[in-house]
Amino acid sequence: MSGAGLATGDRVGEWVLVAPYDVDTLGPRWEARHHALERRALVTLAADADGIEGLRAAAVVQGRVRDARAARPLAFAATDARAFLAIEWPGDRTLRAILETTGRLEWPRALDV
């Protein structure tokens, strides 16, 4: 179930892992691309059973968000040894990317992100 032992080029569902991104509370996250469509995604792999339920909840919540700034879920699977959630590639829209570029944000800008 964990993302242990994964490497660049491994396939998770329809997604090919491109590069490690970071480790989220639910499990490791990877930059990935769709095997046929070349669409980029951020794939989070469940680290354990709690991670599966967390990914399921995240998929539901993110699927309900109707804001162009929010990354939408592209795929969720919890039926095999590698439970995962793929969302649209956030690129430089992540809070981390913004903070790395601009440093600390004033409250109005932080709330906008």
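Scroll up a little and you will see the structure.
The structure presented is a predicted model; accordingly, all values stated were derived computationally and were not measured. (Residues numbered from 1 in each chain as written. Predicted model: local features only at pLDDT ≥ 70, side-chain atom pairs only at ≥ 80, totals over all residues. Heavy atoms only, no water.)

J.: Mind showing me how you'd approach the nonpolar core here?
T.: Looking at soluble globular proteins, one finds that nonpolar side chains tend to be buried together. If you look at the biggest cluster of nonpolar residues, it comprises 12 residues: L6, V12, W15, L17, W30, A32, A41, V43, L45, A77, F84 and A86. The set of elements that each furnish at least two residues to this core consists of β2 (15-24), β3 (27-34), β4 (40-45) and β6 (84-88). Sequence-distant contacts of L17, that is, excluding residues within four places in its chain, are made with L6, A7, T8, G9, D10, V12, W30, E31 and A32. A46, I52, A71 and I87 belong to the second largest nonpolar core, which has 11 residues in total. (Core = buried A, V, L, I, M, F, W, Y, C linked by side-chain atoms within 4.5 Å. Buried < 20%, exposed > 50% of the residue type's maximum accessible area, 1.4 Å probe, protein only. Helix = DSSP H or I, 4+ residues; strand = E, 2+ residues; numbered from the N terminus. Contact = heavy atoms within 4.5 Å.)

J.: Which parts of the structure should I look at to understand helix α1 (residues 49-64)?
T.: Working note: α-helix, 3.6 residues per turn, so residues spaced by three or four point in the same direction. Its 16 residues place the ends of α1 23 Å apart at the C-alpha level, agreeing with the 22 Å of an ideal helix rising 1.5 Å per residue. Of the residues making up α1, those classed as buried are G51, I52, L55 and A59. Buried residues of α1, seen end-on, are gathered within an arc of 105 degrees and therefore sit on one face of the element. When the buried face of α1 is taken as reference, the exposed residues oriented beyond 90 degrees from it are D50, V61 and R64. (Expected span 1.5 Å × (residues − 1). Arc of directions from axis to C-beta.)

J.: Would you mind going over the environment of G27 with me for this structure?
T.: Along the chain, G27 turns up in strand β3. When its relative accessible area of 2% is taken as the criterion, G27 is described as buried. Here G27 is in contact with T44, L45 and A47, once residues within four sequence places are set aside.

J.: Is there a simple way to explain the pattern of salt bridges in this structure?
T.: Opposite charge on two side chains makes pairing possible when the charged atoms of those side chains draw close. In this structure the tally under the stated criterion is seven salt bridges. Across the salt bridge formed by R56 and E53, the nearest N and O atoms sit 3.3 Å from each other. Residue R56 and its partner E53 are both found in helix α1; the two are separated by three residues, about one turn of the helix. Accessibility expressed as a relative area gives 36% for R56, which makes it partly exposed. One salt-bridge network, held together by shared partners, links R39, R72 and E88. (Salt bridge = Lys/Arg side-chain N within 4 Å of Asp/Glu carboxyl O.)

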